[in-house]
Amino acid sequence: MTVDPNAATQGFPAPDPARRGPGAARYLVPALVASAVAVGLGVYGNVHDPEGTAFNLAGFSSTSAVKSWLATVAMGFAVVQLVSALMLYGRLPGPSWSGVLHRWSGRIAFLVAVPVAVHCLYALGYQTYEPRVLWHSLLGCFFFGAFSAKMLLLRTERLPGWLLPIVGGLAFSALTVIWLTSALWFFRTFGVTT
């Protein structure tokens, strides 16, 4: 049998709809959720009247010191996330348990970052009075949106190989700038104190 490439129909069966490639909705939903989370946090931080403080831990000189150290711990676990992701993608040699390391370091980083974000939103709100604070506020909201998208994308089958590293890289980059504009700024301004 010969096939005429110019023929409109070859008599081949139509592709099975169940075997089609991924639809745009599988990427649109995480993007919409990420946007909703980021905008929702920003709106809440902007319309909420800041309370001044939300928590303090014994042994620390101030709430800012607590936040700076928690942010530093979160950043440390985020670096472990980056290194373990490079191991998972074969960019660095790593042990067979690098997947477990990646999952648990991400969980810990997130759990440590949440009290910092809650305090920032509840006690300080969304602020824009200087560029450092504006970037901190913007990227704080963006980070939790990107993190939400990453968590939703993890449950999606047949993702392009580049998508999770891009979203994870965006979350890591945002967290890095958040740390630079808060914890590092605090340590440089007030010293490395508890």
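Please refer to the structure higher up on the page.
Overview of the structure. Computed from a predicted model, the values in this text were never measured in an experiment. (Residues numbered from 1 in each chain as written. Predicted model: local features only at pLDDT ≥ 70, side-chain atom pairs only at ≥ 80, totals over all residues. Heavy atoms only, no water.)

### Let's talk about the overall build of the protein chain
Consideration 1: For the protein chain, the count of helices and strands is 5 helices and 0 strands.
Consideration 2: Along the protein chain, from the amino end to the carboxyl end, the secondary structure elements read α-α-α-α-α.
Consideration 3: Taking all 194 residues of the protein chain together, the buried fraction comes to 32%.
Consideration 4: Across the protein chain, every contact between residues at least 6 apart in sequence was considered, and the portion connecting residues at least 24 apart equals 72%. (Helix = DSSP H or I, 4+ residues; strand = E, 2+ residues; numbered from the N terminus. Buried < 20%, exposed > 50% of the residue type's maximum accessible area, 1.4 Å probe, protein only. Contact = heavy atoms within 4.5 Å.)

### Examining the nonpolar core
Consideration 1: Core analysis: the largest hydrophobic core is formed by 21 residues, its most contacted members being F143, F144, L175, W179 and A183.
Consideration 2: Secondary-structure elements contributing two or more residues to this core are helix 2 (63-88), helix 3 (98-124), helix 4 (131-154) and helix 5 (163-190).
Consideration 3: A34, A149, L163 and V167 belong to the second-largest nonpolar core, a separate cluster that totals 5 residues. (Core = buried A, V, L, I, M, F, W, Y, C linked by side-chain atoms within 4.5 Å.)

### Some remarks on the packing of helix 2 against helix 5
Consideration 1: Contact pair helix 2 / helix 5: the axes reach a minimum separation of 9 Å and the direction vectors enclose 145 degrees. Crossing of helix 2 against helix 5: the hand is left-handed. Contact residues: S64, A65, S68, W69, A71, T72, A74, M75, A78, V79 and L82 in helix 2; F172, L175, T176, W179, S182, A183, F186 and F187 in helix 5.
Consideration 2: A class-by-class count of the residues in the contact of helix 2 with helix 5 yields 14 nonpolar, 5 polar and no charged. (Axes fitted to C-alpha atoms, helices over the stretch in contact; angles between N-to-C directions. Left-handed = near helix turned anticlockwise from the far one by under 90°. Nonpolar A, V, L, I, M, F, W, Y, C, P; charged D, E, K, R; others polar.)

### So, a nonpolar patch on the surface
Consideration 1: There is a patch of nonpolar side chains on the surface, built from V79, L82, V83, L86 and L92 and spanning about 330 Å² of accessible area.
Consideration 2: Within the fold, L92 resides in the loop between helix 2 and helix 3.
Consideration 3: The class for L92 is partly exposed, based on a relative accessible area of 34%. (Patch = residues over 30% accessible without salt bridge, like charges linked within 9 Å, V, L, I, M, F, W, Y side chains within 5 Å. Areas by Shrake-Rupley, 256 points an atom, 1.4 Å probe, with all protein chains shown as cover. Salt bridge = Lys/Arg side-chain N within 4 Å of Asp/Glu carboxyl O.)

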